[in-house]
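# An overview of the molecular structure
Listed here are the chains, written in short residue letters.
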Amino acid sequence: MEKIKVLIADDQELILESLHIVLSMEPDLEIVGLARNGEEALKGCEQFLPDIVLMDINMPVVDGVAATALIKEQMPATKIIMLTSYKEVEYVLAALSHGAEGYLLKALHPRDLAAGIRVVQAGGTLISQEMASKMIQTINNAAPAKSNEFGLTAREMEVLHKLASGLRNQDIAESLYLSEGTVKNYISTIYSKLNVKGRREAARKARDSGMLDHS
């Protein structure tokens, strides 16, 4: 029987080791690598060519969503399951948009986790009913609002709100579970769409046009 090669990425040592131990007990699974951040996950994928990556979302250096995008770009055949303790739909949507095959909560029983890995390996996807409902709701709520006349995406609006309330890039990155580089990219896109040169001007323009009224 050919084993399913699994790489686990999580910045919490305890979770990493626990998953390693419980999944190693499954006769059809082989843990080929452990990574503590998204960068290590990418290197591990290049080195071990796993079938499946269990990818935590909130990790240092490169977060799980950004790592998913990089891995899928370079190794599209590698299947990725987002493994997280966050139920927020935003991260799931971001990861799925980059090609992740599914999403499981860390609180799952190891047996269910192993079953999820087999489903994805067989070509299936993993999204809970609750998450599917939230996704539909999010898509339905994504109708353009009057406040978004500059064509900002929902994520750019979030970054703009944080920026206008005086948060530094690092704080914005932490509160939205993004890397600092990703936040910088969002901010430069926001400046370009608003046609402004700095934070103060961006915040002023957003307030003047009513985009921050409800914050």
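Residues numbered from 1 in each chain as written. Predicted model: local features only at pLDDT ≥ 70, side-chain atom pairs only at ≥ 80, totals over all residues. Heavy atoms only, no water.

Under an unreviewed UniProt entry, the protein chain has the name DNA-binding response regulator and belongs to Paenibacillus ihbetae.

Turning next to the layout of surface pockets. Of the pockets and cavities examined, the second largest pocket occupies roughly 250 Å³. Considering the residues around the second largest pocket, the lining is formed by 16 residues, among which Val65, His98, Leu178, Thr182 and Tyr186 are closest to the centre. Among the secondary structure elements, those contributing two or more residues to the lining of the second largest pocket are α3 (64-74), α4 (89-97) and α9 (180-194). The dominant element in the lining of the second largest pocket, judged by the number of residues it contributes, is α4, at four residues. Tallied by class, the residues present in the lining of the second largest pocket amount to nine nonpolar, four polar and three charged. Lining the lining of the second largest pocket are residues from two domains, each supplying at least three of them: domain 1 (4-138) and domain 2 (154-209). (1 Å grid on protein atoms, 1.4 Å probe; cavity = no way out; pocket = protein on both sides within 12 Å on 5 of 7 lines; lining within 4 Å. Points joined across faces, edges and corners; volume = space filled by probe spheres on them. Helix = DSSP H or I, 4+ residues; strand = E, 2+ residues; numbered from the N terminus. Nonpolar A, V, L, I, M, F, W, Y, C, P; charged D, E, K, R; others polar. Domains from an automatic or database assignment.)

With that settled, the discussion passes to the pairing of strand β4 (residues 79-84). In terms of burial, β4 is a largely internal element, five of the six residues being buried. Pairing of strand β3 (residues 52-55) with β4 involves four bridges; the strand directions are parallel. Of the residues in β4, the one forming a bridge with Val53 is Ile80. In this fold, the crossover linking β3 to β4 by way of α3 has right-handed handedness. Both β4 and strand β5 (residues 102-105) contribute to a ladder of four bridges, which runs parallel. Each bridged residue has a counterpart across the sheet, and for Thr84 the counterpart in β5 is Leu105. (Buried < 20%, exposed > 50% of the residue type's maximum accessible area, 1.4 Å probe, protein only. Pairing = 2+ DSSP bridges. Right-handed = clockwise from strand over helix to strand, strands pointing away.)

Our next topic: the nonpolar core. Counting 25 residues, the largest nonpolar core has Ala41, Met55, Ile71 and Met82 as the members making the most contacts within it. Of all the secondary-structure elements, those providing two or more residues to this core are β1 (4-9), α2 (38-48), β3, α3, β4, α4 and α6 (129-140). Per element, the largest residue contribution to this core is four residues, and it comes from α4. When neighbours within four sequence positions are excluded, Met82 is seen to be in contact with Met55, Asp56, Ile57, Gly64, Val65, Thr68, Ala95, Ala100, Gly102, Tyr103 and Leu104. (Core = buried A, V, L, I, M, F, W, Y, C linked by side-chain atoms within 4.5 Å. Contact = heavy atoms within 4.5 Å.)

Below, the discussion takes up unusual backbone geometry. Negative phi characterises most residues that are not glycine, and trans characterises most peptide bonds. At Leu49, a position not held by glycine, the phi torsion is positive, near 45°. Here Leu49 lies in the loop between α2 and β3. On the accessibility criterion, Leu49 (53% relative accessible area) is exposed. The residue Val61 is not glycine, and still its phi comes out positive at about 65°. With respect to the element layout, Val61 can be found in the loop between β3 and α3.

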